[in-house]
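# Results of the structural survey
Residues per chain, in single letters:
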Amino acid sequence: AIRRLAQRAGITIPESGPHDPEARRRREELYALHAGVAAMWQKLLKSDPGAEPARAYLKSRDLDGIAEEFGLGYAPESWDATSTWARKAGYSAEALETARLVATSSESGKKYDFFRGRLMIPIHDDQGRVVAFSGRLLDPEAKAQKYVNSTETPIFVKSHILFGLNRSKRPIIEAESAIVCEGQIDMMRCWQKGVRNVVASQGTAFGERQASILKRIAKEVIICFDADRAGQDAAQRTIDVLLKEDVQVRIARIPQGEDPDTLLRKQPVTVFEDILRGAKDYTHHLLD
């Protein structure tokens, strides 16, 4: 907290004790690199001709209106456009590799951009700093994963981050309730429709650190995962972690085959709000 306030005021804090200045320098470079790349990709999404598939995808999903608010961007379909930009901006090869913005070919040994031709979703920590990315595939015919994500780094641990918390912390505190969705698109759709006390677990295994974060700011957690089998299995794992932290848990029942994103695109937000109000506590859910 002291460092953040000093940074705002332009005051240099003398460091002493066990702090490793070199480790701190590497962390600060990673924060700066992620912020710079996110801003560059955001500009490309707005104006680059190659980003038209990303703009078309956002328009087809009715997400173009909040793309700027969440800092969405476009990683160009190029082997080295991002890394070339980063090197020209003064970032080290070490930082690029640590951030997994570049990868190495197992065949040729050459470096190439890890994120290419994808819609990019920046992931922020609760202080609003970009710490990682999730890239969404745009070509439905491509034989590749729909989503690829940043690996863990000194500034990013998956089980410590809740997507959207940098925006929704205040609404969660005011509502005394946190809605946990499965995916980033679900969280952004809820936000777009005015449901603000919401975060996403990003499809990863929900961790004790995430549960303890929610326990500090909310009296209850409403689980709102996809209605398919995979979503319900993930919900059960999340519930188990929350119960160990002694968090009050309720489960929202989304209609079969739907998720918060698809439901809110088809139905008025009042339908979703009714589902949230009718969410049963874990004991009744388990008995049913």
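Our subject is the structure listed above.
To keep things clear, this report deals only with the structure shown in the data block. (Residues numbered from 1 in each chain as written. Predicted model: local features only at pLDDT ≥ 70, side-chain atom pairs only at ≥ 80, totals over all residues. Heavy atoms only, no water.)

## A short note on the sheet that holds strand S10 (residues 248–251)
Strand pairing in a sheet is mediated by backbone hydrogen bonds. Such pairs are either parallel or antiparallel. Under the convention used in this document: Here, any two strands with at least 2 DSSP bridges between them count as paired. Where helices and strands are cited, they refer to DSSP runs of H or I of at least four residues and of E of at least two residues respectively, numbered from the N terminus. Here, residues are in contact when the closest pair of their heavy atoms is within 4.5 Å. All axes here are fitted lines through C-alpha atoms, helices being fitted over the stretch that makes contact, and every angle between N-to-C directions spans 0 to 180 degrees.
With respect to topology, five strands assemble into an open sheet ordered S8-S7-S9-S10-S11, the strand pairing being mixed. Only two strands of the sheet have a single partner each, and these edge strands are strand S8 (198–200) and strand S11 (280–281). As paired strands, strand S9 (residues 220–224) and S10 are joined by four bridges and run parallel to one another. Residue pairing across strands places Val221 opposite Val249, the latter belonging to S10. Across the sheet, helix H9 (residues 229–244) lies against S9 and S10, angled at about 170° from S9, the strand it touches most.

## Here's the deal with the packing of helix H2 (residues 21–47) against helix H4 (residues 81–88)
Selection criterion: Under this scheme an angle from 65 to 115 degrees is roughly perpendicular, one under 35 degrees roughly parallel, and one over 145 degrees roughly antiparallel; angles in between are oblique. For any pair of crossing helices, the crossing counts as left-handed if the nearer helix is rotated counterclockwise from the farther one by less than a right angle, and right-handed if it is rotated clockwise.
Running from N to C, H2 and H4 cross one another at 125°; their axes reach a closest spacing of 11 Å. On the basis of the axis angle, H2 is oblique to H4. Our pair here, H2 against H4, has a crossing hand that is right-handed. Contact residues: Leu33, Gly36, Val37, Met40 and Trp41 in H2; Thr82, Trp85 and Ala86 in H4.

## What to know about the sheet that holds strand S1 (residues 73–75)
The strand order S1-S4-S5-S6 describes an open sheet built from four strands, whose pairing is antiparallel. Sheet topology places S1 and strand S6 (147–149) at the edges, where each strand pairs with a single neighbour. On average, each strand axis in the sheet is tilted by 35° relative to the strand beside it, whichever way the strands run. One ladder, built from three bridges, connects S1 with strand S4 (residues 118–124); its direction is antiparallel. Bridge pairing in S4 links Tyr74 to Leu119. In this fold H2 packs onto S1, S4 and strand S5 (130–137), with an angle of close to 35° to the strand it touches most, S5.

## Remarks on the packing of aromatic side chains
Our working definition: Two aromatic rings from Phe, Tyr or Trp, using only the six-membered ring of Trp, form a pair when their centres are within 6.5 Å; if the ring planes differ by under 30 degrees the pair is stacked, by over 60 it is edge-to-face, and anything between is tilted. Per-residue accessibility, obtained with a 1.4 Å probe over protein chains only, is compared with the maximum for each type, and a residue is labelled buried under 20%, exposed over 50%, and partly exposed between these values.
Scanning the entire structure with this criterion turns up eight aromatic pairs. Plain terms: the ring middles of Phe115 and Phe133 are 6.4 Å apart, the flat faces sit at 70° to each other, and that makes the pair edge-to-face. Taken together, the residues span a long stretch of sequence, with Phe115 in the loop between strand S3 (111–113) and S4 and Phe133 in strand S5 at a distance of 18 residues. You'll find Phe115 and Phe133 in the same group, each marked buried. Each member of the aromatic cluster is reached from another via a ring pair, and the members are Trp41, Phe114, Phe115 and Phe133.

## Things to note about the nonpolar core
Defined as follows: The nonpolar core is taken to be a set of buried Ala, Val, Leu, Ile, Met, Phe, Trp, Tyr and Cys residues, with the residues joined through side-chain atoms within 4.5 Å.
Counting 65 residues, the largest nonpolar core has Leu33, Trp41, Leu72, Leu101, Phe115, Phe133 and Phe272 as its most contacted members. A per-element tally of this core places H2 first, with nine residues. Not counting residues within four places of it along the chain, the set of residues in contact with Trp41 comprises Gly73, Tyr74, Ala75, Pro76, Thr82, Leu101, Phe115, Met120 and Phe133. Within the second largest apolar cluster, 24 residues are counted, among which are Val180, Phe206, Val247 and Val249.

## Some details on the pattern of salt bridges
Under the convention used in this document: Throughout this description, the term salt bridge denotes a Lys or Arg side-chain nitrogen within 4 Å of a carboxyl oxygen of Asp or Glu.
Per the stated rule, a full pass over the model turns up 17 salt bridges. Across the pair Glu29 and Arg25 runs a salt bridge whose closest N-O atoms are separated by 3.4 Å. Within this pair, Glu29 and its partner Arg25 are both found in helix H2, separated by four residues, close to a single helical turn. Glu220 is the partner of Arg250 in a salt bridge, and the nearest nitrogen-oxygen pair spans 3.0 Å. Of the two residues, Arg250 is situated in strand S10 and Glu220 in strand S9; the sequence distance between them amounts to 30 residues. For Arg250, a relative accessible area of 15% translates into the label buried. Residue classification places Glu220 among the buried positions, given a relative accessible area of 12%. Here the salt bridges share partners, and the residues they tie into one network are Glu22, Arg25, Arg26 and Glu29.

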